[in-house]
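Next come the chains, spelled out residue by residue.
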Amino acid sequence: QVRLVESGGGLVEAGGSLRLACAASGVTLKKNAMAWFRQVPGKERESVAAISRNGDSTWYPDSVKGRFTISKDDAKNTGYLQMNSLKPEDTAVYYCAVDSRAYFPGSSPRLYEYWGQGAQVTVSS
């Protein structure tokens, strides 16, 4: 059974940093592509970072490029999203997702098989 558990969310002031972690069990992250998404009420889930199966390719939307960094720690079987220079508009529930089928699924949530339960990130102005 695959399980993804996010941690590291919380409340931070604008300009601050947070690092989200996604602990995986039942799936080996070094053999799978991974992404982070976020969602606010009333809006569609959007991707904020994606990384390919072996980690050689990453993708970020312009809204977070240069501020967010996705990574995987193979030894810990944990993925991370480092978020710097946070803005109030980054406030959302953040989800990690994993796909075992494609080398680099990209940004569409429909292409990911497994999902975590979400972690709230709130950025105050």
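Here's a quick rundown of the structure. Since the structure is predicted, the reported quantities are computational estimates derived from the model, not experimental observations. (Residues numbered from 1 in each chain as written. Predicted model: local features only at pLDDT ≥ 70, side-chain atom pairs only at ≥ 80, totals over all residues. Heavy atoms only, no water.)

1. Here we look at the sheet that holds strand β1 (residues 3–7)
Spatially, the four strands line up as an open sheet ordered β1-β3-β8-β7, and their pairing is antiparallel. The outermost strands of the open sheet, each flanked by one partner alone, are β1 and β7 (68–73). Sheet twist, expressed as the mean angle between neighbouring strand axes with direction ignored, is 15 degrees. (Pairing = 2+ DSSP bridges. Helix = DSSP H or I, 4+ residues; strand = E, 2+ residues; numbered from the N terminus. Axes fitted to C-alpha atoms, helices over the stretch in contact; angles between N-to-C directions.)

2. Focus on the nonpolar core
Counting 26 residues, the largest nonpolar core has Met34, Trp36, Phe68, Leu81, Met83 and Tyr94 as the members making the most contacts within it. Taken together, the elements giving at least two residues each to this core come down to β3 (18–25), β4 (33–39), β5 (46–51), β7, β8 (78–83), β9 (92–99) and β11 (119–124). Those residues in contact with Phe68, other than ones at most four positions away along the chain, are Arg38, Val48, Tyr60, Leu81, Gln82, Met83, Asn84, Leu86, Asp90 and Tyr94. In this structure, Ala35, Phe37, Ala97 and Tyr112 belong to the second largest nonpolar core, which totals five residues. (Core = buried A, V, L, I, M, F, W, Y, C linked by side-chain atoms within 4.5 Å. Buried < 20%, exposed > 50% of the residue type's maximum accessible area, 1.4 Å probe, protein only. Contact = heavy atoms within 4.5 Å.)

3. A look at the side chain of Ser52
In this fold, Ser52 is placed in the loop between β5 and β6 (58–59). For Ser52, the residues in contact, after removing those within four places along its chain, are Asn32, Ala33, Ser57, Lys72, Tyr103 and Phe104.

4. Regarding the pattern of salt bridges
Taken as a whole and judged by the stated rule, the model has six salt bridges. A salt bridge links Arg38 to Glu46, with the nearest nitrogen and oxygen atoms 2.7 Å apart. What makes Arg38 buried here is its relative accessible area of 6%. Where salt bridges share partners, they join Arg38, Glu46, Arg67 and Asp90 into one cluster. (Salt bridge = Lys/Arg side-chain N within 4 Å of Asp/Glu carboxyl O.)

5. So, the environment of Ser107
By the secondary structure assignment, Ser107 is in the loop between β9 and β10 (114–115). Along the chain, Ser107 and Lys76 lie 31 residues apart, while their C-alpha atoms are 24 Å from each other. The residues contacting Ser107, other than those within four sequence positions of it, are Phe37, Ser47 and Trp59.

6. Looking at the state of the cysteines
Going through the model one piece at a time under the given rule, you end up with one disulfide. Paired by a disulfide, Cys22 and Cys96 hold their sulfur atoms 2.1 Å apart. Because the torsion about its S-S bond is 60 degrees, the bridge between Cys22 and Cys96 counts as right-handed. Here Cys22 is found in strand β3, whereas its partner Cys96 is found in strand β9, with 74 residues between them in sequence. (Disulfide = S-S within 2.5 Å.)

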